[in-house]
Amino acid sequence: MASLISTLSIFLQPVALTVSLVYLYGAIGRWKQSERMRNLALGSLFGLGTIISMTAPITLADGLIFDLRNLLVGMACALLGPLAGIVTLAMGIVTRVMIGGQGAMLGVAGMCVSAGMAILWHFSVRRSHLPSDASLVLLGAMISAHILVGLLLPSPFREVFITQLAPIVLIANLVCAWVLGRLIIRERHLRIELSDLRTAAETDPLTNLLNRRSLIEVVEHLKPTGAARTGRVMLCFDVDRFKSINDIYGHLSGDQILQCISERIKSCLRPGDVFARLGGDEFVVLLPDVSRDTATIVAERCRTAVCSKPFQVDDRSIPVTISMGATFSNGPASFDALLRSADEALYAAKADGRNCVALDKSFETAEGEALQAA
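Residues numbered from 1 in each chain as written. Predicted model: local features only at pLDDT ≥ 70, side-chain atom pairs only at ≥ 80, totals over all residues. Heavy atoms only, no water.

Participant: Explain the packing of aromatic side chains to me, please; I cannot follow it from the model alone.
Facilitator: The geometry of two aromatic rings is summed up by the distance between their centres and the angle between their planes. A full pass over the atoms with the stated rule returns 4 aromatic pairs. Ring pairing ties together the aromatic residues Phe237, Phe275 and Phe283, which thus form one cluster. Positioned above the aromatic ring of Phe311, the side-chain terminus of Arg264 is 3.8 Å from the ring centre. (Phe/Tyr/Trp six-rings, centres within 6.5 Å; stacked < 30°, edge-to-face > 60°. Lys NZ or Arg CZ within 6 Å of the ring centre and 35° of its normal.)

Take a look at the structure:
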């Protein structure tokens with residue numbers, strides 16, 4: 001019974017480490033951080049796994065121990081990218097040097113060999129595609145090239161290493177590379193699917209702009225500017241006589257025009273401005289921190305960008321104009337209140353003959369408050 005428990009513990013230790021790494025890999029992958037920060041975190045995670053494996057190795061027999069350092073270094077270099085691989089390798093090298101002993105330099109050399117073979121696999125086998133089962137097994141075989149370093153061991157240890165430890169290391173690397181690789185790929189698939197679902201829920205599929213739901217969330221999280229001369233401005237616009245465009249040129253041409261309009265408007269906006277499509281031909285631009293004069297300039301720039309030259313759709317030149325309404329607020333305001341005011345101004349722009357920008361009374365109030373503050 002004792003031997004059975006001992007044998008099971010040999011297998012449970014790497015399994016527990018692998019499962020923990022994959023779970024934390026999935027959690028880090030979902031962080032809303034930059035790609036660089038995620039790679040650093042993943043490299044540190046696999047580096048920590050390498051340290052744990054080296055400081056708590058598996059004892060196979062008297063004087064015969066085994067750990068997963070080379071596998072983890074290789075998997076990090078192969079599947080997580082160069083930055084994560086370098087971090088993992090560096091943490092492994094530092095730990096092995098600190099542990100010391102006669103085999104320290106050979107241990108470091110073994111990790112470097114595994115890292116080099118994994119990078120070779122990354123660029124020659126994996127390329128831009130997710131790896132298959134066969135390529136993962138090949139990865140395990142390439143990582144196992146560190147076994148060749150064992151040939152440099154002194155004669156008594158070399159024979160034991162080749163006859164007893166090397167076969168176990170090779171089998172473990174082949175199996176663990178496949179298992180760990182499949183689990184990482186599964187987590188990556190789930191993360192991609194989650195990202196696609198989030199994108200579908202937050203953006204308009206035609207123009208790739210934010211949708212109404214996302215815009216409401218942005219407005220709710222806006223902070224007051226705290227300055228008398230600046231505030232938030234909502235610009236609401238639609239396409240003049242868009243129904244006639246659809247009737248004459250067809251709905252596909254109408255969709256292309258909406259896409260082209262969104263591109264022209266985006267070129268007129270500042271980095272912090274928010275652009276969304278509410279539906280149909282109705283769009284909203286939110287200027288989070290802007291003065292009255294700047295908002296007027298941006299609104300006119302957007303209107304001019306659309307009407308400055310006709311749109312070329314299927315070898316046809318189609319002139320298009322937009323009408324826009326604007327509202328200003330230098331304090332907290334709900335999405336519905338801002339949209340209602342901007343929409344009323346939009347109707348005023350339509351009544352004024354279209355292809356113009358109408359400012360509601362909040363602009364006059366803002367101007368008066370600014371003059372009093374001055």
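Participant: What am I meant to see in the packing of helix 10 (residues 251-266) against helix 11 (residues 292-307) here?
Facilitator: When two helices pack together, you describe them by how their axes are tilted relative to each other and by the distance separating the axes. At a closest axis distance of 9 Å, the pairing of helix 10 and helix 11 adopts a crossing angle of 140 degrees. Between helix 10 and helix 11, the angle falls in the class oblique. Crossing hand, helix 10 versus helix 11: right-handed. Together, Ile261, Arg264 and Ile265 of helix 10 and Cys302, Ala305 and Val306 of helix 11 make up the contact between the two elements. (Axes fitted to C-alpha atoms, helices over the stretch in contact; angles between N-to-C directions. Helix = DSSP H or I, 4+ residues; strand = E, 2+ residues; numbered from the N terminus. Parallel < 35°, antiparallel > 145°, perpendicular 65-115°, else oblique. Left-handed = near helix turned anticlockwise from the far one by under 90°. Contact = heavy atoms within 4.5 Å.)

Participant: In this structure, what is going on with the pairing of strand 5 (residues 282-291)? I would like to understand it.
Facilitator: Along any regular strand, the residues point their side chains to alternate faces of the sheet. Of all 10 residues in strand 5, 7 are buried; the element is thus mostly enclosed. In this structure, strand 3 (residues 230-239) lies alongside strand 5, joined through 8 bridges in antiparallel fashion. Looking across to strand 5, one finds that Met234 is bridged to Leu286. Here strand 4 (residues 274-279) runs beside strand 5; their pairing, made up of 5 bridges, is antiparallel. The residue of strand 5 that forms the bridge with Arg277 is Phe283. Taking the residues that link successive antiparallel strands as the turn, the strand 4-strand 5 hairpin has 2 residues, and the phi of Gly280 there is positive, at about 60 degrees. (Buried < 20%, exposed > 50% of the residue type's maximum accessible area, 1.4 Å probe, protein only. Pairing = 2+ DSSP bridges.)

Participant: Just checking my understanding: could you explain the state of the cysteines for this structure?
Facilitator: Disulfides are covalent bonds that connect the sulfur atoms of two cysteines. One pass over the structure, following the stated rule, counts 0 disulfides. Free of any disulfide, Cys112 has its nearest cysteine sulfur in Cys77, 9.5 Å distant. The exposure class of Cys112 is partly exposed, given its relative accessible area of 37%. (Disulfide = S-S within 2.5 Å.)

Participant: When you look at the nonpolar core in this model, what are you seeing that I'm missing?
Facilitator: Buried together is how nonpolar side chains tend to be arranged in soluble globular proteins. Counting residues in hydrophobic clusters, the biggest one holds 40 residues, and the most contacted among them are Phe46 and Met75. For this core, the secondary-structure elements that each account for two or more residues are helix 1 (2-29), helix 2 (35-55), helix 3 (69-80), helix 4 (82-99), helix 5 (104-126), helix 6 (133-143) and helix 7 (155-202). Of all hydrophobic cores here, the second largest spans 34 residues; its members include Leu209, Val298, Ala299 and Val320. (Core = buried A, V, L, I, M, F, W, Y, C linked by side-chain atoms within 4.5 Å.)

Participant: Honestly, the environment of Gly49 in this entry has me stumped. Any pointers?
Facilitator: Position of Gly49 relative to the elements: it lies in helix 2. Gly49 sits in the buried class, given a relative accessible area of 2%. Separated by 23 residues in sequence, Gly49 and Leu72 have C-alpha atoms that sit 7.4 Å apart. Dropping the residues within four chain positions of it, Gly49 is found in contact with Leu17, Leu21 and Leu72.

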